[in-house]
Amino acid sequence: MTDTTHTQPIPPGRTARERSPEFRFAVDALRGLWQDLFHDAFAYRPLPPTEPGGRFTRSGSARMREYGAWAPHAAVIALAGLSVFVTLVSTWNGGPLGLLCALLVGAPVVLTLSRPVGAFWVALVANTVALFLDGGETGLSPWLPGGFLAHLAVVTVVAMRTRPRTASWMWLLTAVYGFAAYGLFDRSDDYGHSSDLGPMLFLAGVALLTVSVRQTLGQARHEVSVHRTVTAHERSQRTLLEERTTIARELHDVVAHHMSVVAIQAEAAPYRVENPPPELEKAFAIIRENAVAALTELRRVLGVVRAQDYEAPDAPQPTLADLDALLANVRDAGLDVTKTVTGAVRELPQGVELSAYRIVQEALSNTLRHAPGADAKVEIGYVLGGLGLRVVNGAPPAPSLIKPSPGAGHGITGMRERVSMLNGEMTAAPTAEGGYEVAVFLPVPAAAPIEDEA
């Protein structure tokens with residue numbers, strides 16, 4: 001048995017473009033170096049003040065919070081001033097050259113406030129010039145004492161204002177520069193001092209690693225926060241759709257009942273009149289056909305919104321007449337609830353009665369869940385033009401013993417959807433006594449009077 005391997009032909013010119021993984025890695029690394037430290041290195045990027053609620057602006061008086069917003073700028077300027085002071089103290093000649101060295105050392109630190117990446121390159125150039133002007137009097141290389149502090153400040157501030165990858169490039173370039181400058185300005189034989197390159201690389205590595213880890217953790221926390229916000233929004237939308245679906249299922253039974261009554265009455269009406277005219281029989285037949293067609297469409301709509309495990313209720317939908325049974329069940333569960341009815345009790349549209357019953361039911365369920373042991377009051381007011389509901393509970397006796405209820409909090413959404421469907425108004429807010437109050441008004445249009453025909 002012979003295995004034959006088929007080789008795909010290589011298009012002309014492609015061989016020259018194919019590179020090894022090492023070559024591509026090197027090219028990508030150099031491209032990253034160019035983007036981080038060379039491309040628009042001196043672009044103007046001023047350091048913004050601290051946002052409200054930050055570490056320096058979260059407490060204190062208004063004036064202190066205003067000044068606290070500029071605390072990072074003050075810290076950078078303080079580091080620049082300290083670098084200048086150390087340079088002046090450590091420079092032996094103390095004349096104009098010493099002052100010029102001090103200014104060269106402090107300038108890159110201040111420059112990090114407006115042009116962070118450019119400040120890194122200015123720091124390397126300024127340190128080289130300062131070493132040349134120093135003339136070996138301090139006997140230190142490749143950094144003067146003040147330049148040592150200034151360079152640490154520059155790389156730290158630049159790392160805080162850029163991406164973590166830039167920190168690694170700055171540390172590597174600092175090492176390359178340090179070895180080159182030490183070879184050019186080596187004064188250890190003349191003055192007996194050792195190089196400060198080792199301490200620089202160690203301290204810069206620690207500072208840059210700390211900043212990079214802090215940035216990475218901050219970015220991770222930000223991504224988690226964004227993910228939680230998106231998840232909460234999606235959960236809220238899903239809850240809203242579930243509540244609307246539940247309301248649609250319940251109202252289907254109400255509407256279907258009325259349409260069934262219309263269809264039956266339209267079919268029976270011609271038999272209640274002796275010798276009805278053909279036009280009347282035809283009109284009732286059309287009414288019945290439309291009612292049956294509407295019932296068919298309702299069943300089709302319900303099939304779209306019905307869940308797979310949904311079972312149609314055997315009993316009719318509840319109304320306000322069934323509220324006493326609901327309150328009895330709630331009392332058996334341990335909630336002391338009282339009911340008050342004002343106004344002339346009258347029969348309301350079935351959709352309004354169903355929504356009112358569900359709102360009271362959900363409000364009492366929330367009381368049992370979030371305020372166990374508290375008492376509750378249910379007030380129902382039959383007023384001109386609608387129905388008023390008010391469910392209020394007192395403060396729980398032991399708030400510290402209440403355990404969080406996972407998944408709770410969807411009842412308010414359902415209540416608002418029912419009220420919005422009926423063009424009503426609703427408020428839900430804590431009370432001054434530590435309880436919670438739900439107030440609802442459901443408008444009910446007055447029935448148009450039927451005038452007798454002459």
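Located above this text is the structure these notes cover.
Below or above, wherever it landed, is the structure these notes cover.

What counts, and where the lines are drawn
Residues numbered from 1 in each chain as written. Predicted model: local features only at pLDDT ≥ 70, side-chain atom pairs only at ≥ 80, totals over all residues. Heavy atoms only, no water. Phe/Tyr/Trp six-rings, centres within 6.5 Å; stacked < 30°, edge-to-face > 60°. Helix = DSSP H or I, 4+ residues; strand = E, 2+ residues; numbered from the N terminus. Buried < 20%, exposed > 50% of the residue type's maximum accessible area, 1.4 Å probe, protein only. Expected span 1.5 Å × (residues − 1). Contact = heavy atoms within 4.5 Å. Salt bridge = Lys/Arg side-chain N within 4 Å of Asp/Glu carboxyl O. Pairing = 2+ DSSP bridges. Axes fitted to C-alpha atoms, helices over the stretch in contact; angles between N-to-C directions.

**Considerations on the packing of aromatic side chains**
Move 1: Evaluation of the coordinates by the stated rule reveals four aromatic pairs.
Move 2: Between the aromatic rings of tryptophan 34 and phenylalanine 38, the centroid separation amounts to 5.9 Å while the plane-to-plane angle is 5 degrees, which identifies the pairing as stacked. Taken together, the residues tryptophan 34 and phenylalanine 38, both in helix α1 (residues 21-38) and four residues apart, mark about one turn of the helix.
Move 3: A centroid spacing of 5.0 Å and a plane angle of 45 degrees characterise the contact between phenylalanine 38 and tryptophan 121, whose relative ring orientation is tilted. Here phenylalanine 38 is found in helix α1, whereas its partner tryptophan 121 is found in helix α5 (residues 116-134), with 83 residues between them in sequence.
Move 4: Judged by relative accessible area, phenylalanine 38 falls into the partly exposed class, the value being 39%.
Move 5: Taken together, the aromatic side chains of Trp34, Phe38, Phe120 and Trp121 make up a single cluster linked through ring pairs.

**As for helix α4 (residues 96-111)**
In an α-helix, one full turn covers 3.6 residues, which means residues spaced three or four apart are oriented alike.
Move 1: Compared with the 22 Å implied by 1.5 Å per residue over 16 residues, the 22 Å span of α4 between its first and last C-alpha is a close match.
Move 2: Among the residues of α4, Gly98, Cys101, Ala102, Val105, Gly106, Pro108 and Val109 are the ones counted as buried.
Move 3: Contacts made by the buried residues of α4 are with α3 (71-90), α5 and α6 (145-161).

**Focus: the pattern of salt bridges**
Pairing is possible between side chains of opposite charge, provided their charged atoms come close.
Move 1: For the structure on display, the rule yields three salt bridges.
Move 2: Between glutamate 379 and arginine 390 there is a salt bridge, with the nearest N and O atoms lying 3.1 Å from each other. Here glutamate 379 is found in strand β2 (residues 375-383), whereas its partner arginine 390 is found in strand β3 (residues 386-393), with eleven residues between them in sequence.
Move 3: Residue glutamate 437 is joined to arginine 390 by a salt bridge in which the shortest nitrogen-to-oxygen separation is 2.6 Å. Separated by 47 residues along the polypeptide, glutamate 437 in strand β5 (residues 436-443) and arginine 390 in strand β3 bring together distant segments of the chain.

**Some details on the pairing of strand β4 (residues 425-430)**
Move 1: The sheet contact formed by β4 and β5 spans six bridges and is antiparallel. Counterpart to proline 430 in the pairing with β5 is tyrosine 436.

**Brief notes about the sheet that holds β3**
Move 1: The strand order β1-β2-β3-β5-β4 describes an open sheet built from five strands, whose pairing is mixed. Because the sheet does not close on itself, it has two edges, and the strands there are β1 (336-342) and β4. In this sheet, adjacent strand axes meet at a mean angle of 10 degrees when their direction is disregarded.
Move 2: Each of β1 and β2 is contacted by helix α11 (residues 323-332), which is oriented at about 160 degrees to β1, the strand it contacts most.
Move 3: Where helix α12 (residues 350-370) meets the sheet, its contacts fall on β1, β2, β3 and β5, and the angle it forms with β3 comes to roughly 5 degrees.

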